[in-house]
Amino acid sequence: GENVEQHPSTLSVQEGDSAVIKCTYSDSASNYFPWYKQELGKGPQLIIDIRSNVGEKKDQRIAVTLNKTAKHFSLHITETQPEDSAVYFCAASRTDRGSTLGRLYFGRGTQLTVWP
Amino acid sequence: DAMVIQNPRYQVTQFGKPVTLSCSQTLNHNVMYWYQQKSSQAPKLLFHYYDKDFNNEADTPDNFQSRRPNTSFCFLDIRSPGLGDAAMYLCATRDRGRQPQHFGDGTRLSIL
């Protein structure tokens, strides 16, 4: 099965700095890569996702890059703010037919702390 | 507006006393998932429904059961909760053939 590794497990940055979280995956058939933000006491919320036919995607201060050859993808947050503090999970999935369609394989998470 | 709603947000039960957690969705999605999340860990998939087809993960304890009476509702039953079952339980939904999964805010289960 798929194995997703995520680094670092904790990340502290000063407000205004950039933050980068990296993930690797093992199954070359994975073709969908979402990033979720989980605040304390809440469920994971999708912040950005990327499909394997795209190398980069950006949404305001958040961007994701994907290197299919190396099987890794990264989350980039620029101009960080204290409200960005949360746990971030990367995940990998296959979007082919079958009952396991859409199953997410999560990384272990990164606790991001943004200091004012 | 909340699209995946879990009730209750906090549940306390006694060791060995059956408990039911509920999830409802307004998205009309075909697929529903139940996850268990322990502190500082990623969500762990327990089982999922693809329409009415139930798919159990191999390592989900027999203690955990699920029901999906209709598209909108799904229940997680824990027959005899042990101390190790204390966790956050997350429900998620997905539309067939599409991504992403949409998560509820979870139910925090405590065992006394």
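Quick summary incoming for the structure in this document. (Residues numbered from 1 in each chain as written. Chains lettered and ligands numbered in written order. Predicted model: local features only at pLDDT ≥ 70, side-chain atom pairs only at ≥ 80, totals over all residues. Heavy atoms only, no water.)

## Focus: the pattern of salt bridges
Pairing between side chains of opposite charge can happen when their charged atoms approach one another. Stated formally: A pair is scored as a salt bridge if a Lys or Arg side-chain nitrogen falls within 4 Å of a carboxyl oxygen belonging to Asp or Glu. Exposure classes here rest on a 1.4 Å probe applied to the protein chains alone. A residue is buried below 20% of its type maximum, exposed above 50%, and partly exposed in between.
Taken as a whole and judged by the stated rule, the model has eight salt bridges over all chains. Across the pair A:Lys57 and A:Asp49 runs a salt bridge, and its minimum N-O distance is 2.9 Å. Among the residues examined, A:Lys57 registers a relative accessible area of 35% and is labelled partly exposed. The partner of B:Arg98 in a salt bridge is B:Asp95, with the nearest N and O atoms 3.6 Å apart. Judged by its relative accessible area of 56%, B:Arg98 falls in the exposed class.

## So, the interface of chain B and chain A
We apply this condition: It only takes one pair of heavy atoms within 4.5 Å for two residues to be counted as in contact. Buried area: the accessible area, evaluated with a 1.4 Å probe, that two parts lose upon being put together, summed over both parts. Two N or O atoms count as a polar contact when they lie within 3.5 Å, although within protein this holds only if one can serve as hydrogen donor and the other as acceptor, and sequence-adjacent residues are included solely when both atoms are side-chain atoms. Secondary structure is summarised from DSSP: a helix means a run of H or I of at least four residues, a strand means a run of E of at least two, and numbering begins at the N terminus for each.
Each partner contributes residues to the interface: chain B has 22 residues there, and chain A has 22 residues. Summed over both sides, the interface between chain B and chain A buries roughly 1700 Å², with carbon and sulfur atoms accounting for 52% of that surface. Along the contact surface separating chain B from chain A lie one salt bridge. Residue A:Arg103 is joined to B:Glu57 by a salt bridge in which the shortest nitrogen-to-oxygen separation is 2.6 Å. The tally of links from chain B across to chain A stands at six residue pairs in polar contact (both at pLDDT 80 or more). Contributions of two or more residues to the side of chain B that touches chain A are made by strand 4 (31–37), strand 5 (44–50) and strand 9 (87–94) of chain B.

## Remarks on unusual backbone geometry
Residues and elements named next belong to chain B. The omega torsion of the bond from Asn7 to Pro8 falls at -10 degrees, within 30 degrees of zero and hence cis. Position of Pro8 relative to the elements: it lies in the loop between strand 1 (4–7) and strand 2 (10–13). Between Gln99 and Pro100 the backbone carries a cis peptide bond, its omega angle lying at 5 degrees. When you line up the elements, Pro100 lands in the loop between strand 9 and strand 10 (102–103).

In short, geometric facts, not functional conclusions.
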